[in-house]
Amino acid sequence: MVQAQNPDYVILGAGVIGLTTALELSTRCPSCRITILAKLLPGDRSVEYCSPWAGANWLSVATDGGRQEGWDRVTYDKFGELADEKGNETGIKRVPIRAWFDREVEEAGVLTSEGEGKGKIWYRELTGLRFLEEGKPEGSVFGFECGSFVVDVQKYLPWLQGEVPKRGTEIFRTSVDDIREVFERSPGAKAVFNCTGLGSYSLKGVEDKLLYPTRGQVMLVENPTTPMERMYFRSPQRVNKDTTYIFPRNPGGGVILGGCRVDNDWSGEVNLEFAEDIKRRCCALAPELGRPEDLKLIQHGVGLRPSRKGGARIEREVKEERVVIHNYGAGGAGYQASWGMAKNAVDLLQSHGHQA
Ligand code: FAD
C-alpha cells in the first residue's frame, strides 16, 4: 500500500464525506500533515462509489430535533457561502425547490421535529419556506416551496478534490482490506478518519452490519429549451421508495431526473423499463420538460446510498490503542449534511485534547 511520510491524520475515503472532512480538518489545523487514502476518486464511476451518482440537492430529511438537523443547518449555511462567494466554480447554486407530499404533514416525515413537538417547522426561517395554495397535483395533500441548493456533483467533487492539495493534504489511491493496515503504515498518525461509506460494511476491523444499501436510479438529460428556475420533488413521504425529483444543474449542466429508494438492493444495473417510468413521472411534474419522448438522454446512473440503522455513525473509537473517528452512513443525505458531519467528526478530536 502506498503511504505518505508520517501524516498526523489519515482520512480513509474520498467521497463527499472524506473530502469535506479533509477540508474541515486542514482549515482548523493548517499545520497538520493530512493524507487521504481511497480506492476510488472523483472522476471514477463505480457502484462502490456513491457520491458521483447523487442528484443532488438540499431538502432536509432530519426530524430528530438534534444532531441530524444540526448537520443540515451547518451545511445549508456553508452551501450559501460557497454559492454566493464562488460563483459557478463549485457547482453549488441557489435554486428553490417545489415539493409535494401525498400524505399529511405528520406522516410525511418532513417539517416535524420529534425533539420539539410535532408540526414544528424547524427550517422555515432558514429556507424561507412557504406553503402552496395552488397548483397541487392530483393526489397530493400539501406542498411547499423553499430555498435550496442544487449540487452539480460532477463539478463539486472535482472542486473539493482540487481544494485539498491547496491546504497541503495529499491524496493517494489505494485499497485497504483492514483498517488496521492504516495504523501499520502510518505509525505516527494520531487518528484515522473512517469515511468509507458503504465500504464499512466489509472493511475488516469495522464490518458494520447496521449498514445497508438504498439503491437509487437517476438519469441525466439535456436542459430543455424552456429554462428551469426551480427544482421539483413529489413523494408520499420525504423518505419513500416512490420518489420523483427533477434537479436542473444550472447553468447548463443538464437536468437530473429521479428516482427511487430501494433498501437492501445491491444491484448496480440500470433498469431501462424503470427509466421510462421516471421520465413519465418527471414530465408530469415539471411542465418545462415537455414530453417524455422529447427528452434527450445523456446518461443513466445507479448509486447505492450508504444507509445505516440508527443513522450515520460519527463516533470516536480506540482500536488497539489507536484513535479512529468514524464518519460514515449518511444515507441519502451525504451532501446536505456533509459540512455538519465533517465539523462533528473533527470536534470529536478536539474534545479529546487534539490540536485540530
Ligand atoms: P462514497 O461516495 O461511497 O465514498 C466512499 C469512499 O471510500 C470512496 O472513495 C471509496 O473508494 C472509499 N473506500 C471505501 N472502502 C474502501 C477501502 N476498503 N479502501 C479504500 N477506500 C475505500 N445526498 C444528498 O445530500 N442530497 C441528494 O439529493 C442526494 N441524492 C442522491 C441520489 C442518488 C441516486 C444517490 C445514489 C445518492 C444521493 N444522495 C444524496 C446521497 C449521497 O450521494 C451519499 O450520502 C454520499 O455520496 C455518501 O458519501 P460517502 O463519502 O460517505 O461515500
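The protein is annotated in an unreviewed UniProt entry as FAD dependent oxidoreductase from Hyaloscypha hepaticicola. What the UniProt record of the protein gives under Cofactor (unreviewed entry) is the line "FAD". Listed under Sequence similarities (unreviewed entry) in UniProt, the entry text for the protein is "Belongs to the DAMOX/DASOX family."

S.K.: I keep staring at the UniProt feature "binding site: D-dopa" (unreviewed entry) in the protein and nothing clicks. Help me out?
M.R.: When the UniProt feature table is mapped onto this chain numbering, "binding site: D-dopa" (unreviewed entry) sits at Y245, R305 and G332. The residue Y245 is located in strand β12 (residues 244–248) in this model. Within the fold, R305 resides in strand β15 (residues 297–308). Those residues in contact with R305, other than ones at most four positions away along the chain, are C50, Y212, P213, T214, R215, G216, Y245, C260, R261, G331 and G332. Within the structure, the side chain of R305 is placed 3.4 Å from the backbone oxygen of R215, a separation counted as a polar contact.

S.K.: What's the story with helix α5 (residues 153–166) in this structure? I'm lost.
M.R.: Along an α-helix, residues three or four apart share an orientation, since each turn contains 3.6 residues. Relative to the 20 Å expected for 14 residues at 1.5 Å per residue, α5 spans 20 Å between its end C-alpha atoms, a close match to the ideal helical length. Within the span of α5, buried status applies to V153, Y156, L157, W159, L160, E163 and V164. Projection of α5 onto a plane perpendicular to its axis shows the buried side chains occupying an angular sector of 160°, all on one side. Phi for G168, located one or two positions after α5, is positive at around 90°.

S.K.: Where do I start with the side chain of S46 in this structure?
M.R.: Assignment of secondary structure puts S46 in the loop between β2 (34–38) and α2 (67–86). In this structure the side chain of S46 is engaged in a polar contact, spanning 2.9 Å, whose partner is the backbone nitrogen of E48. When neighbours within four sequence positions are excluded, S46 is seen to be in contact with L40 and W53.

S.K.: Even after reading the chapter, I still don't get unusual backbone geometry, so can you show me in this structure?
M.R.: Residue P251 is bonded to the preceding N250 through a cis peptide linkage, with omega at -5°. Tracing the backbone through its elements, the reader meets P251 in the loop between β12 and β13 (255–258). The residue after G258, namely G259, is reached through a cis peptide bond having omega 5°. Positionally, G259 belongs in the loop between β13 and β14 (262–263). For E320, which is not a glycine, the phi torsion comes out positive at approximately 50°. Here E320 lies in the loop between β16 (313–319) and β17 (322–328). Residue E321 is not a glycine yet carries a positive backbone phi of 65°. Looking at the secondary structure, you find E321 in the loop between β16 and β17.

S.K.: Help me understand the site of the ligand, please; the structure alone is not making it clear to me.
M.R.: Residues in close proximity to the ligand total 39 residues, the closest being L40, S51, V176, G331 and Q336. The contact in question runs from an oxygen atom of the ligand to an N or O atom on the backbone of V16, over 3.4 Å. Between an oxygen atom of the ligand and a main-chain N or O atom of C50, the distance comes to 2.9 Å. Protein contacts shield 95% of the accessible area of the ligand, which totals 1000 Å² for the unbound molecule. Where the shell around the ligand is concerned, the elements lending two or more residues are α1 (16–28), β12 and β15. The element contributing the most residues to the shell around the ligand is β15, with 3 residues. Looking at the shell around the ligand residue by residue, the classes come out as 21 nonpolar, 15 polar and 3 charged.

The rules behind the values
Residues numbered from 1 in each chain as written. Predicted model: local features only at pLDDT ≥ 70, side-chain atom pairs only at ≥ 80, totals over all residues. Heavy atoms only, no water. UniProt positions renumbered as here; feature names shortened; annotations may be inferred. Helix = DSSP H or I, 4+ residues; strand = E, 2+ residues; numbered from the N terminus. Contact = heavy atoms within 4.5 Å. Polar contact = N/O pair within 3.5 Å; in protein donor to acceptor, adjacent residues only side chain to side chain. Expected span 1.5 Å × (residues − 1). Buried < 20%, exposed > 50% of the residue type's maximum accessible area, 1.4 Å probe, protein only. Arc of directions from axis to C-beta. Near = heavy atom within 4 Å. Areas by Shrake-Rupley, 256 points an atom, 1.4 Å probe, with all protein chains shown as cover. Nonpolar A, V, L, I, M, F, W, Y, C, P; charged D, E, K, R; others polar.

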